[in-house]
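The primary structure of each chain is shown beneath.
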Amino acid sequence: MAEGAELAADQHVRYIVTVEKKKDSFESLVMEHIRLNGAYWGLTTLDLLHKLHAVDAAEVVDWIMSCYHLESGGFGGNVGHDPHVLYTLSAVQVLCLFDRLDVLDVDKVADYVARLQNEDGSFSGDIWGEVDTSCKNLDGGFGAMPGGESHAGQIFCCVGALAIAGSLHHIDRDLLGWWLCERQCKDGGLNGRPEKLADVCYSWWVLSSLIMIDRVHWIDKKKLTKFILNCQDKENGGISDRPDNAVDIYHTYFGVAGLSLMEYPGVKPMDPAYALPLDVVNRIFLRK
């Protein structure tokens, strides 16, 4: 792709809307069990590109509520699937996009999440006990369990949680910032841990963490922007993990979200902790 490539926003919007309608496609079938996550990725991308009106809001809200478990207060990844904290998060985030938190029993959803907390402070994802303990390491990063390797995705979860809890003082910003900026590869992309290839999704996980600890100026934004734009399918829309690979909804979202964090023209700004467009977050908190 030539120098000065631009974001193919219209093609990405068309790709997202088309994927949603192709219920029998390979991508749709392999995402069947995490469709609520997919809805969050796709719809947030549309909102970042100022195109959320391309979908029927009432239809989306009705489908989301069909994934709700009245007994537990949580959401499943699709209709008839067991509730999990990840799908519950995506459900709440999408309802925030459409300004429809009024359809929720907020206390019941909050109770569902609170019941998943363990005695050591960690959370289980669901009743089956998959635990995410978020432990700080000597390199300044965070792993999923004591002694677990630091990973950029895990770091975002931990830094975001500490930011929301007003506890960023527990982080060594320079040490963690150095580990995160070291994730930038020669091609300009970011990887999730040492010795791995760059992947568009880490444009979100790494950048958001760097922004929250005020060290985002330690990476080369121009090179990262070029890497993301080189991962586009400019004809059919969508963004892949790295250049010339197949596109998917996941990397399309994280690519656009990464560009948002770098203030790319025409893309709405995002809140790095709540992973929602800034205007959506402001609307919620200003209403309180």
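The rules behind the values
- Residues numbered from 1 in each chain as written.
- Predicted model: local features only at pLDDT ≥ 70, side-chain atom pairs only at ≥ 80, totals over all residues.
- Heavy atoms only, no water.
- UniProt positions renumbered as here; feature names shortened; annotations may be inferred.
- Helix = DSSP H or I, 4+ residues; strand = E, 2+ residues; numbered from the N terminus.
- Rg over C-alpha atoms; globule rule 2.2 N^0.38 Å.
- Buried < 20%, exposed > 50% of the residue type's maximum accessible area, 1.4 Å probe, protein only.
- Contact = heavy atoms within 4.5 Å.
- Areas by Shrake-Rupley, 256 points an atom, 1.4 Å probe, with all protein chains shown as cover.
- Lys, Arg positive; Asp, Glu negative; His and termini not counted.
- Charge placed at Lys NZ, Arg CZ, Asp CG, Glu CD.
- Phe/Tyr/Trp six-rings, centres within 6.5 Å; stacked < 30°, edge-to-face > 60°.
- Lys NZ or Arg CZ within 6 Å of the ring centre and 35° of its normal.
- Expected span 1.5 Å × (residues − 1).
- Salt bridge = Lys/Arg side-chain N within 4 Å of Asp/Glu carboxyl O.
- Polar contact = N/O pair within 3.5 Å; in protein donor to acceptor, adjacent residues only side chain to side chain.

- In the nomenclature of an unreviewed UniProt entry, the protein chain corresponds to Geranylgeranyl transferase type-2 subunit beta from the organism Urochloa decumbens.
- In its Catalytic activity (unreviewed entry) section, the UniProt record describing the protein chain reads: "geranylgeranyl diphosphate + L-cysteinyl-[protein] = S-geranylgeranyl-L-cysteinyl-[protein] + diphosphate".
- According to the UniProt record, the Sequence similarities (unreviewed entry) comment for the protein chain is "Belongs to the protein prenyltransferase subunit beta family."

1. Focus: the overall build of the protein chain
Here is step 1 of the chain: Summing up its helical and strand segments, the protein chain has 12 helices and eight strands in all.
Here is step 2 of the chain: At 19 Å, the protein chain has a C-alpha radius of gyration in line with the 19 Å of a compact globule built from 288 residues.
Here is step 3 of the chain: Judged by the C-alpha coordinates and their principal axes, the protein chain covers about 50 × 45 × 40 Å.
Here is step 4 of the chain: Put simply, the protein chain has 288 residues, and 52% of those count as buried.
Here is step 5 of the chain: By sequence separation, contacts in the protein chain at least 24 residues apart represent 61% of the contacts at least 6 residues apart.
Here is step 6 of the chain: In the structure as shown, the protein chain presents an accessible area of about 14,300 Å², 55% of it carried by carbon and sulfur atoms.
Here is step 7 of the chain: A distance of 5 Å separates the average location of the 26 positive side-chain charges in the protein chain from that of its 41 negative side-chain charges.

2. Digging into the packing of aromatic side chains
Here is step 1 of the chain: Evaluated as defined, the whole model comprises nine aromatic pairs.
Here is step 2 of the chain: Measuring from ring centre to ring centre gives 5.3 Å for Tyr40 and Tyr253, while their planes differ by 65°; the resulting arrangement is edge-to-face. Taken together, the residues span a long stretch of sequence, with Tyr40 in helix α3 (residues 35-48) and Tyr253 in helix α11 (residues 249-261) at a distance of 213 residues.
Here is step 3 of the chain: For Tyr40, a relative accessible area of 6% gives the class buried.
Here is step 4 of the chain: Judged by its relative accessible area of 1%, Tyr253 falls in the buried class.
Here is step 5 of the chain: Aromatic side chains Trp41 and Tyr250 sit 5.0 Å apart centroid to centroid with 85° between the ring planes, which places their arrangement in the edge-to-face category. With Trp41 in helix α3 and Tyr250 in helix α11, this residue pair connects regions lying 209 residues apart in the sequence.
Here is step 6 of the chain: A relative accessible area of 12% means that Trp41 is categorised as buried.
Here is step 7 of the chain: Ring pairs connect the aromatic residues Tyr40, Trp41, Phe156, Trp204, Trp205, Tyr250, Tyr253 and Phe254, which therefore count as one cluster.
Here is step 8 of the chain: Over the aromatic face of Trp63 sits the side chain of Arg35, whose NZ or CZ is 4.6 Å from the ring centroid.

3. What to know about helix α1 (residues 9-21)
Here is step 1 of the chain: An ideal rise of 1.5 Å per residue puts 18 Å on 13 residues; α1 measures up with 19 Å between its terminal C-alpha atoms.
Here is step 2 of the chain: Of all the positions in α1, only His12, Val13, Tyr15, Ile16, Val17 and Val19 are classed as buried.

4. Observations regarding unusual backbone geometry
Here is step 1 of the chain: Despite not being glycine, Asp214 has its phi angle at roughly 60°, a positive value.
Here is step 2 of the chain: Its location among the elements puts Asp214 in the loop between α9 (202-212) and α10 (221-229).

5. Concerning the UniProt feature "domain: Prenyltransferase alpha-alpha toroid" (unreviewed entry) in the protein chain
Here is step 1 of the chain: UniProt marks residues 7-133 and 134-275 with the feature "domain: Prenyltransferase alpha-alpha toroid" (unreviewed entry), using the numbering shown here.
Here is step 2 of the chain: Across residues 134-275 one finds 39% helix and 7% strand; the C-alpha atoms that close the span lie 18 Å apart.

6. Brief notes about the pattern of salt bridges
Here is step 1 of the chain: Considering all chains together, one arrives at seven salt bridges under this definition.
Here is step 2 of the chain: Between Arg100 and Asp102 there is a salt bridge, with its nearest N and O atoms 2.9 Å apart.
Here is step 3 of the chain: Residue classification places Asp102 among the exposed positions, given a relative accessible area of 56%.
Here is step 4 of the chain: One salt bridge connects Arg215 with Asp174, and the closest N-O pair in it is separated by 2.9 Å. Within this pair, whereas Arg215 is found in the loop between α9 and α10, its partner Asp174 is found in helix α8 (residues 173-181), the two being separated by 41 residues in sequence.
Here is step 5 of the chain: Several salt bridges share partner residues, and in doing so they unite Asp47, Lys268 and Asp279 into one network.

7. Brief notes about the side chain of Ser124
Here is step 1 of the chain: Within the secondary structure, Ser124 sits in strand β1 (residues 123-124).
Here is step 2 of the chain: Take Ser124: its relative accessible area is 8%, and that puts it in the buried class.
Here is step 3 of the chain: Side-chain polar atoms of Ser124 contact the side chain of Asn118, separated by 3.3 Å.
Here is step 4 of the chain: The contacts of Ser124, once residues within four sequence positions are left out, are Val85, Leu116, Asn118, Gly129, Glu130 and Val131.

8. Section: the side chain of Gln184
Here is step 1 of the chain: Note that Gln184 resides in the loop between α8 and α9.
Here is step 2 of the chain: A distance of 2.9 Å separates a polar atom in the side chain of Gln184 from the backbone nitrogen of Asp220.
Here is step 3 of the chain: Residues in contact with Gln184, not counting those within four places in the same chain, are Gly189, Leu190, Ile219, Asp220, Lys223 and Leu224.

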